[in-house]
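So you can see what is in the structure, the chains are spelled out below.
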Amino acid sequence: MRLSTLFVPTRKEDPADAEVISHKLLLRAGYIRMTARGVYSFLPLGWRSVRKVEQIIREEMDRAGAQEVRMPTMQPAELWQESGRWAAYGSDLFRFKDRKSADFALGPTHEEVVTDIARHDIASYKQLPVMLYQMQTKFRDEPRPRFGLMRGREFIMKDAYSFDLDEAGAKKSYAIMRAAYERIFSRFGFEYRAVEADTGNIGGDLSHEFQVLAETGEDLIASCPESGYAANVEKAEIVLETADRDPGAELLDKEMIETPKVRTIADVCDFFECSPTEVVKTLIFIADGQPVAVCMRGDHTVNDVKLKAYLEEHTEISCNELELASEEETGKLTKAPVGFAGPVGLEFPVIVDLSVKPMVNFIVGANKKNMHFKNVNWGKDFTPVGFTDLRMPQPGDICARSGKPYEFVRGIEVGHIFYLGNKYTKALNASLQGEDGKLKPMEMGCYGIGVTRIVAASVEQNHDDNGIIWPMAIAPYHVVILPLQMKNEDVVKCAEDLYAELQAAGCEVLLDDRDLRAGNKFKDADLIGIPLHVNIGSRGLKGGNVEFKVRATGEVEEIALDQIKDHVLGQIKAALNK
RNA sequence: CGGGGUGUGGCGCAGUCUGGUAGCGCGCCAGUUUUGGGUACUGGAUGUCGUAGGUUCGAAUCCUAUCACCCCGACCA
């Protein structure tokens, strides 16, 4: 392709409304443009990279025995009502009506549709396992799309679904997919971790996330260098506080103290000249409309995944949706502005984190404006409905497997695999007879990869001050030829010849035939991140040489004109086979 | 949804406080110049100042409403 005709609107300056590096560079380098909030158009280079990503995934899915299909973007409400998710999915689901007022959704995921296909057309266990996948545009009306391609409302996902007769078969399918995922993310050249994860709304009880390590990642991963165990912090198992309250401790009488404008834990610590570990914070949650208070040590954060699990397993409180109470709700429920909530005198259940259990004479909000209590003790001043582990692991926490401290790193979730069990096959009645003649719902797994997110994640992990540095596998073109003096006929001819030769050899090559100064060409070539550059200038040509530059390292080599073609082809081949 | 911020030629911004002829840099067009890390110069085109109301002799500027985008939080296979 000639740069004189390629539509690549590059910009010198960072766009004003982009924050993270991948968003800035993909805009600047002319890969994407925003069409609406969280909705992007892919320009020619961007679309080529997307298709590269799709192709690698496709190859590995096929190799794993999955078969490509294409399910519809628009899905009838009936299927979602059958699975129960029409109500449960909430406002993330884009909904619309057809001309007859029938309800539809733009698919955020395809468990319902694929299960519908499976129940009609998988007739016997002898056909199993069946693994289907697709490349699909997904729609999720995210409350907060951000960071360009990282979290959009419309994005491309590869989603795969496996059907097996029993758990053993499903777990085998899961293992096959997991191995395929490892190959895929290696081929993209990612530094990544497969981590244990919470299964969230999609259900099931076995799940791994594939996290590309990057500081801008939205997820926090706890990993143990000792045991090799790694998990999303929401899921990471830590050594729990087991200490009980010292039976000999003197439980003082609580005392109300006026604490004007003392709202945050930091304020409280300043005011009382104490450490956050001596303060108990009280958070008000709403579980399906019902208030619940949670007491945590001042330096800890609530893990709502754990809270939800506890409520479901150990209380009568139903908890399809769990959210932190709004400022207004908190105000009503505690009869005090936010910042003064405490467990004393609340008329709804109070659940206490295990690490509060050994604490005595601690400080809490008094549920009264500008007031805190000191010397509060559980059992004496309030009665918890239970103690349980509710906290998010944090630096200093110990891995439950090795007894060594966790390391914490940030990650971008680019893939997520789930063993689903029969959640959907049961709801949609996708059952088969086994060898024993008994009818049972099939066992399912689902496996996602964020295709467009991978493009962003790759830029996050591979860039420098001059722009993007694509790994060969994702680069829209492998090599760019830069004739440095367009007025010099020898230079132009040499560039044209090499361009033709490389094209003939099947190479994905760009020729910067624009009548621009060398500096402009260098800047653009660096910005758009083509892995290999061939600079052809009058200077080198006198000695029969051209320059070969590797974008990633910046290394420049003089190569004889008659060897450059083979050199380029060899480098590309080596990079792709890595 | 709560909090904060920003909307001014294609892009990046100043001007708004204190109302009085809409500016700068980049880009674009024409030309000269230069030619291996975003050349220099000359000339030129491009704006209902996000939108709608209001106040005023007069509004980018003040007031009200509304929309869009960005950030933090809530949320999130």
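Residues numbered from 1 in each chain as written. Chains lettered and ligands numbered in written order. Predicted model: local features only at pLDDT ≥ 70, side-chain atom pairs only at ≥ 80, totals over all residues.

1. Side note on the overall build of chain A
Here is step 1: A count of helical and extended segments in chain A gives 15 helices and 31 strands.
Here is step 2: Taken along the three principal axes of its C-alpha coordinates, chain A extends 95 × 70 × 55 Å.
Here is step 3: Summarising the internal contacts of chain A: among those between residues at least 6 apart in sequence, 71% fall at separations of at least 24. (Helix = DSSP H or I, 4+ residues; strand = E, 2+ residues; numbered from the N terminus. Contact = placed C-beta atoms within 7 Å.)

2. Regarding helix H11 (residues 451-461)
Here is step 1: Buried residues dominate H11, accounting for 11 of its 11 residues.
Here is step 2: Residues of H11 that are buried: Val451, Thr452, Arg453, Ile454, Val455, Ala456, Ala457, Ser458, Val459, Glu460 and Gln461. (Buried ≥ 20, exposed ≤ 12 C-beta atoms within 10 Å, placed from the backbone.)

3. Topic: the packing of helix H1 (residues 21-28) against H11
Here is step 1: Where H1 contacts H11, the axes come no closer than 8 Å and their chain directions differ by 105 degrees. The orientation of H1 with respect to H11, classified from their angle, is roughly perpendicular. Side by side, H1 and H11 meet where Ile21, Ser22, Leu25 and Leu26 of the first sit next to Ala456, Val459 and Glu460 of the second.
Here is step 2: Taken together, the residues that form the contact of H1 with H11 break down as five nonpolar, one polar and one charged. (Axes fitted to C-alpha atoms, helices over the stretch in contact; angles between N-to-C directions. Parallel < 35°, antiparallel > 145°, perpendicular 65-115°, else oblique. Nonpolar A, V, L, I, M, F, W, Y, C, P; charged D, E, K, R; others polar.)

4. Considering the protein's contact with RNA strand B
Here is step 1: Around RNA strand B there are 46 residues in total, and Arg37, Arg144, Gly448, Gly519 and Gly537 lie nearest to it.
Here is step 2: The element contributing the most residues to the surface near RNA strand B is helix H13 (residues 518-528), with eight residues.
Here is step 3: Taken together, the residues that form the surface near RNA strand B break down as 12 nonpolar, 15 polar and 19 charged. (Near = placed C-beta within 6 Å.)

5. Comments concerning the sheet that holds strand E27 (residues 479-483)
Here is step 1: With mixed pairing, five strands are arranged side by side in an open sheet as E28-E27-E29-E30-E31. Strands at the two margins of the open sheet, each flanked by one partner only, are strand E28 (509-511) and strand E31 (556-560). Adjacent strand axes in the sheet meet at a mean angle of 25 degrees, parallel and antiparallel pairs treated alike.
Here is step 2: Against the sheet, helix H15 (residues 564-577) contacts E27, strand E29 (532-536), strand E30 (545-550) and E31, and its axis sits at roughly 165 degrees relative to E29. (Pairing = 2+ DSSP bridges.)

6. Remarks on the confidence of the model for chain A
Here is step 1: Within chain A, residue pLDDT values average 91, and 99% of them lie at 70 or more.
Here is step 2: Scoring of the predicted complex yields 0.91 for pTM and 0.93 for ipTM. (pLDDT = per-residue confidence, 0-100.)

7. Topic: the environment of valine 268
Here is step 1: Examined against the element boundaries, valine 268 turns out to sit in helix H7 (residues 265-272).
Here is step 2: The exposure class of valine 268 is buried, given the 24 C-beta atoms found within 10 Å.
Here is step 3: Taking the C-alpha atoms as reference, valine 268 lies 23 Å from proline 393; in sequence the two are 125 residues apart.

8. Focus: the domain arrangement of chain A
Think of interface size as the accessible area that goes away when the parts come together; that is how it is often given.
Here is step 1: One can read the domain layout of chain A as domain 1 (21-70 + 108-220 + 409-459), domain 2 (255-388) and domain 3 (477-577).
Here is step 2: Taking only C-alpha atoms, the centre of domain 1 and the centre of domain 3 are 38 Å apart. (Domains from an automatic or database assignment.)

9. Notes on the sheet that holds strand E16 (residues 322-324)
Here is step 1: One open sheet holds the five strands; their spatial order is E16-E14-E15-E17-E20, and the pairing between them is mixed. Either end of the sheet is taken by a strand with one partner, and the two such strands are E16 and strand E20 (386-388). This sheet shows a mean twist of 30 degrees between the axes of neighbouring strands, independent of strand direction.
Here is step 2: Direction of pairing for strand E14 (residues 280-287) relative to strand E15 (residues 290-297): antiparallel, over a ladder of eight bridges. Within E15, the residue paired with alanine 287 across the bridge is glutamine 290.
Here is step 3: Helix H9 (residues 327-334) rests against E14 and E15 of the sheet, and its axis sits at about 110 degrees to E14.

10. Observations regarding the environment of phenylalanine 373
Here is step 1: Tracing the sequence through the fold places phenylalanine 373 in strand E19 (residues 371-376).
Here is step 2: Separated by 11 residues in sequence, phenylalanine 373 and phenylalanine 362 have C-alpha atoms that sit 8.3 Å apart.
Here is step 3: When near neighbours in sequence (up to four residues on either side) are disregarded, phenylalanine 373 contacts Lys254, Glu255, Met256, Gly342, Val344, Ile363, Val364 and Ala366.

11. What to know about the environment of glycine 379
Here is step 1: Tracing the chain through its elements places glycine 379 in the loop between E19 and E20.
Here is step 2: Residue class for glycine 379 comes out exposed when judged on the 9 C-beta atoms lying within 10 Å of it.
Here is step 3: Glycine 379 sits 149 residues away from isoleucine 528 along the chain, and the two C-alpha atoms are 64 Å apart.

12. A look at unusual backbone geometry
Here is step 1: In this structure, the amide linkage connecting leucine 128 to the following residue, proline 129, adopts the cis form with an omega of 0 degrees.
Here is step 2: In this fold, proline 129 is placed in the loop between helix H5 (111-121) and strand E7 (130-139).
Here is step 3: Located in the positive-phi region is asparagine 429, a residue other than glycine, with phi close to 55 degrees.
Here is step 4: Structurally, the position occupied by asparagine 429 is in the loop between helix H10 (423-427) and strand E22 (431-433).
Here is step 5: Among the residues examined, asparagine 429 registers 11 C-beta atoms within 10 Å and is labelled exposed.

13. A word on the nonpolar core
Here is step 1: The biggest cluster of nonpolar side chains holds 100 residues, and the ones touching the most others in it are Ala160, Val451, Val479, Ile481, Ile530, Val534 and Ile536.
Here is step 2: Counting residues per element, this core draws most heavily on helix H6 (residues 167-187), which supplies seven residues.
Here is step 3: Here this core gathers at least three residues from each of two domains, domain 1 (21-70 + 108-220 + 409-459) and domain 3 (477-577).
Here is step 4: Residues contacting alanine 160, with those up to four places away along its chain left out, are Met61, Ala66, Met131, Leu132, Tyr133, Met177, Cys446 and Tyr447.
Here is step 5: Among the nonpolar cores identified, the runner-up in size contains 32 residues, and Cys319, Phe340, Ala366 and Phe373 belong to it. (Core = buried A, V, L, I, M, F, W, Y, C linked by C-beta atoms within 7 Å.)

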